[in-house]
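Chain and residue survey
Residues per chain are reported as follows:
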Amino acid sequence: MRPIAYSRATAVSDAVTAVTADPDSAYLAGGTTEIDLLRLHVLTPGRLVDINALPLTGIDETPGGGLTIGATARMSDVAASPAVRTRFPLLAQALEQGASAQLRHMATMGGNLLQRTRCGYYRDVESPCNKRRPGSGCGALRGVNRGHAVLGTSDHCIATHPSDAAVALTALDALVHTRTGRGEGSYHIDDFFLLPGDTPHREFPLEHGELITAIEIPDTPTARTSTYLKIRDRESYEFALVSVAATLTLERGRISGVRLALGGVATTPWRARRAERLLLGAAADRRAFAEAAREEMADATPTPMNAFKVELAQRAVVRALESLT
């Protein structure tokens, strides 16, 4: 047994001060992934600061017509919110497909963004993993990597990011609001998830003690016509082999607005901007969808085990977009 100190914070400033002052500490919210990693000795903090009592559970409208979702809002509450279901159905769908009901009642929105990869080499402390122990190597590169990434990879890591909600939020250009001892800050969702490069252990730009306080989704009219398509080995809350978050608006048969993000195929939630550029103004038909999907996956670097993801992703993009027409 390894002793861990535990405390509860009731104010954001107190929580930030406590964790910032102690390099061996970490926040604890829903804990649906964190506790597993503690038990496996993948994460080894000496102190946990419980933030469940912080006033960060709201789902509030912004003056510009968007929504602000508190970091400790539960996934189930966000998915059930009438405002989310009406304005951002792809997010509600991503949340509902992301975990079982029991986990959704416990897991928080901030924790969902920060959840660690499901790569088996990361979770096995006896295996080499540059995310867990920098410089030790990547067991997945020549190991079992059927579920690993084909986009955004490096010679140091090919692990996928597991969050479904993060894929939807990437398509929605969300902002991640944070708090440090110096004050408040924010990150655009594109800047929040870091490519592995030669530092795969650094997955986010957050400094130690920086706390996610809210996720802001700007007004996105195209999101009212949106979907989240998740393809997995089994329907019972498995992680995505490929997923697509898509929004689409049409004008006289042509695409006047489109957002696309991919999950399950990249080391981060992957914004498909190359495909978006090709689709804007194009005819809303299967040929245009397939061409855009092919172009987005052109730079994929698969392994023999996960090469199927390249075609599967293309087909998933076409299917998601066709469902919105």
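Residues numbered from 1 in each chain as written. Predicted model: local features only at pLDDT ≥ 70, side-chain atom pairs only at ≥ 80, totals over all residues. Heavy atoms only, no water.

On to unusual backbone geometry. Phi at H41 is positive, roughly 65°, even though this residue is not glycine. Here H41 shows up in the loop between α2 (34-39) and β3 (47-50). A positive phi angle, close to 55°, is found at D173, a residue other than glycine. By relative accessible area, which is 17% here, D173 ends up buried. (Helix = DSSP H or I, 4+ residues; strand = E, 2+ residues; numbered from the N terminus. Buried < 20%, exposed > 50% of the residue type's maximum accessible area, 1.4 Å probe, protein only.)

At a closest axis distance of 9 Å, the pairing of helix α12 (residues 286-296) and helix α13 (residues 308-323) adopts a crossing angle of 140°. Accordingly, the angle class assigned to the pair α12 and α13 is oblique. The crossing of α12 and α13 is right-handed. On the side of α12, the interface is formed by R286, F289, A290, A293 and R294, while α13 contributes Q314, V317, V318, L321 and E322. Residue composition of the contact of α12 with α13, by class: six nonpolar, one polar and three charged. (Axes fitted to C-alpha atoms, helices over the stretch in contact; angles between N-to-C directions. Parallel < 35°, antiparallel > 145°, perpendicular 65-115°, else oblique. Left-handed = near helix turned anticlockwise from the far one by under 90°. Contact = heavy atoms within 4.5 Å. Nonpolar A, V, L, I, M, F, W, Y, C, P; charged D, E, K, R; others polar.)

This paragraph deals with the packing of aromatic side chains. This model, assessed by the stated rule, comprises four aromatic pairs. Among the aromatic residues, those joined into a ring-pair cluster are Y187, F192, F193 and F204. (Phe/Tyr/Trp six-rings, centres within 6.5 Å; stacked < 30°, edge-to-face > 60°.)

In space, the four strands of this open sheet follow the order β9-β10-β11-β12, with antiparallel pairing throughout. Strands at the two margins of the open sheet, each flanked by one partner only, are β9 (226-231) and β12 (270-271). For strand β11 (residues 254-263) and β12, the ladder comprises two bridges, and the chain directions are antiparallel. Paired with L262 across the strands is W270, a residue of β12. Packing of helix α5 (residues 89-98) onto the sheet brings it into contact with β9 and β10 (242-251), and relative to β9 it is tilted by some 25°. (Pairing = 2+ DSSP bridges.)

In this section: the side chain of R116. In this fold, R116 is placed in the loop between α7 (109-114) and α8 (120-123). With relative accessibility at 18%, the residue R116 sits in the buried group. Only 2.5 Å separates the side chain of R116 from the side chain of E203, close enough to count as a polar contact. (Polar contact = N/O pair within 3.5 Å; in protein donor to acceptor, adjacent residues only side chain to side chain.)

Further remarks concern empty space enclosed by the protein. Per the counting criterion, the structure on display carries three cavities of 30 Å³ or more. Approximately 120 Å³ is the volume found for the largest cavity. Lining of the largest cavity is provided by 15 residues; of these, K131, L194, E203, T267 and T268 occupy positions nearest its centre. For the lining of the largest cavity, a count of residues per class yields seven nonpolar, five polar and three charged. Every residue lining the second largest cavity is counted, 14 residues in all, and those nearest its centre are C119, C129, C138, C157 and A159. Classifying every residue of the lining of the second largest cavity gives nine nonpolar, four polar and one charged. (1 Å grid on protein atoms, 1.4 Å probe; cavity = no way out; pocket = protein on both sides within 12 Å on 5 of 7 lines; lining within 4 Å. Points joined across faces, edges and corners; volume = space filled by probe spheres on them.)

Below, the discussion takes up the layout of surface pockets. Taken as a whole, the second largest pocket holds about 420 Å³ of empty space. R118, G147, T160, F239 and A240 are the residues nearest the centre of the second largest pocket, which is lined by 27 residues in total. Partitioning the lining of the second largest pocket into residue classes produces 10 nonpolar, 11 polar and six charged.

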